[in-house]
Structure formats: C-alpha cells, structure tokens
Amino acid sequence: MNIAVSFSSFFEKGKTFRPKKKFSPGTLKYSLHKQAQASLNSGVNLQEAIKLPPGEDFNDWLAVHVVDFFNRINLIYGTVCEQCTDTTCPRMSGGPKYEYLWQDGDKYKKPTHLPANKYISLLMDWIESQINDESIFPVTTDVQFPKNFASVCKKILTRLYRVFVHVYVHHFDRLMSIGAEPHVNTCYKHFYYFVMEFSLLNSKELEPLKEMTLRICCDFHVSNYNK
Ligand SMILES: [Zn+2]
C-alpha cells in the first residue's frame, strides 16, 4: 500500500485544523523530508523507514519527523474536532483514569483543567511557535540546532502523543464512521516506532494506549517495552 499518498489524499478531503508547515525546496530538510516520504511511498516497512539514514545528522532527521508528525496529527484532529466540544469533552482526558492539565508558564502558570479542544488548541499553538522559531528549527544549514534541541522535540512529541490518546479514546467511533481508522493507525505506528527507536517518549506517557499499542504494533519494540 502506498501509505503516504493514501494518507494525504484521504485527509485533504477533510477539514484541516490549521495550515501545514512546509519545508522550502532547496534546503537540507526539504530533501530529507522527501527522502522520508519516498521510503514510505516505496512501501518499506515502517520500522525500517524510521531508521536514521547513514551519514545523516540526527537533529535534521528529528526535525523533519517532528514537523511531519505535527502536520499529520493536526489533520487527524481536524477530522474529529467538530465532535470535540466543551460539552462532549469538558476535560483533556484519555478515559476515566487519565487527564492532562495544561501549564505553559505564561497564561497558565499552574496546571489547569481545560476542555480538550481548548487544551489541544493551546498545544498546537505552542508547537507551531516552536517549529516556526528559526533559532530552534533552523531553516538554513549555517545555523546550528540549539543544544537543547532534542529535549524541545521530546516535549513536542510528548504533547502530540496526548492528542493521539484523546482521539483514540474519545473519538474512535468518529474515526471508524469516516473510515479513517487504518490511516490513523498507520500514523500512530509510524510515530510509535520513531519515538521508541530514539527513546523520545517517557514510558509512562504510553500507558493510556498500552493495550492498543500491543494490538497494532506487535513487534520487538513492544516486547522490549514490557520488560
Ligand atoms: Zn474530544
């Protein structure tokens, strides 16, 4: 199956939550982005597709994936956002056991209960501000990545994972009804293999979707995680 093409053709028909962040042609990240897309298009398995190509810089590889996941998860949330209201989802939860509180050190100085749509909107705004900040995500090769680049990316990926949690737990019926489930599962697996390969997510973050992950990503990563 041509994963990348079917994914985008499917979601571009739907409502886009916000504009896509794009890479400028001619930059290193653009060619890496194309390389990553090409390996998905060629149908290689996702566990191979996420491996750092020989000779490439890890920060570039990380930057490209973070931006791609941000774009894709935005599209996924866009397909359920009309069903995610203050009434249906008064909390940013992942079932009765898990709730995420928002804190940004700015307007929300203390961890704050918020409706899921408000939380996700703040989360996406925050990620957008990070990836558009050229001192964090340099657009030219003469600008270095900051020393804390990996930790910024870990935080971005951690927050993006919470959107998967909310969407899977609370909006799975909607995904099924519009036929999006296989596409979302593919995106989830891609994300999961990537964060596991490079140890980018704390294992406690994976708890809310642990059973589903076992079901759809049954491979050595999951068996390692369970040890
Ligand atoms: Zn919701």
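Since the model is a prediction, treat every value here as computed from it, not as a measurement.

The next point concerns unusual backbone geometry. Phi at Ser199 takes a positive value of approximately 50 degrees, unusual for a residue other than glycine. Assignment of secondary structure puts Ser199 in the loop between helix H8 (181-197) and helix H9 (210-216).

We now examine the nonpolar core. Residues Val66, Ile73, Leu157, Leu160 and Phe164 are the most contacted members of the largest nonpolar core, which totals 48 residues. Of all the elements in the fold, those that place two or more residues in this core are helix H4 (58-80), helix H5 (116-131), helix H6 (149-170) and H8. The leading source of residues in this core is H4, at 13 residues.

Moving on: the packing of H5 against H6. At a minimum axis distance of 11 Å, the contact between H5 and H6 shows a crossing angle of 150 degrees. By the criterion of interaxial angle, the relationship of H5 to H6 is roughly antiparallel. The interaxial crossing formed by H5 with H6 has left-handed handedness. For the pair H5 and H6, contact is made by Ala116, Ile120, Leu123, Ile127 and Gln130 and by Val152, Ile156, Arg159, Val163 and His166, respectively. Within the contact of H5 with H6, the residues separate by chemical class into seven nonpolar, two polar and one charged.

Criteria and thresholds
Residues numbered from 1 in each chain as written. Predicted model: local features only at pLDDT ≥ 70, side-chain atom pairs only at ≥ 80, totals over all residues. Helix = DSSP H or I, 4+ residues; strand = E, 2+ residues; numbered from the N terminus. Core = buried A, V, L, I, M, F, W, Y, C linked by C-beta atoms within 7 Å. Buried ≥ 20, exposed ≤ 12 C-beta atoms within 10 Å, placed from the backbone. Axes fitted to C-alpha atoms, helices over the stretch in contact; angles between N-to-C directions. Parallel < 35°, antiparallel > 145°, perpendicular 65-115°, else oblique. Left-handed = near helix turned anticlockwise from the far one by under 90°. Contact = placed C-beta atoms within 7 Å. Nonpolar A, V, L, I, M, F, W, Y, C, P; charged D, E, K, R; others polar.

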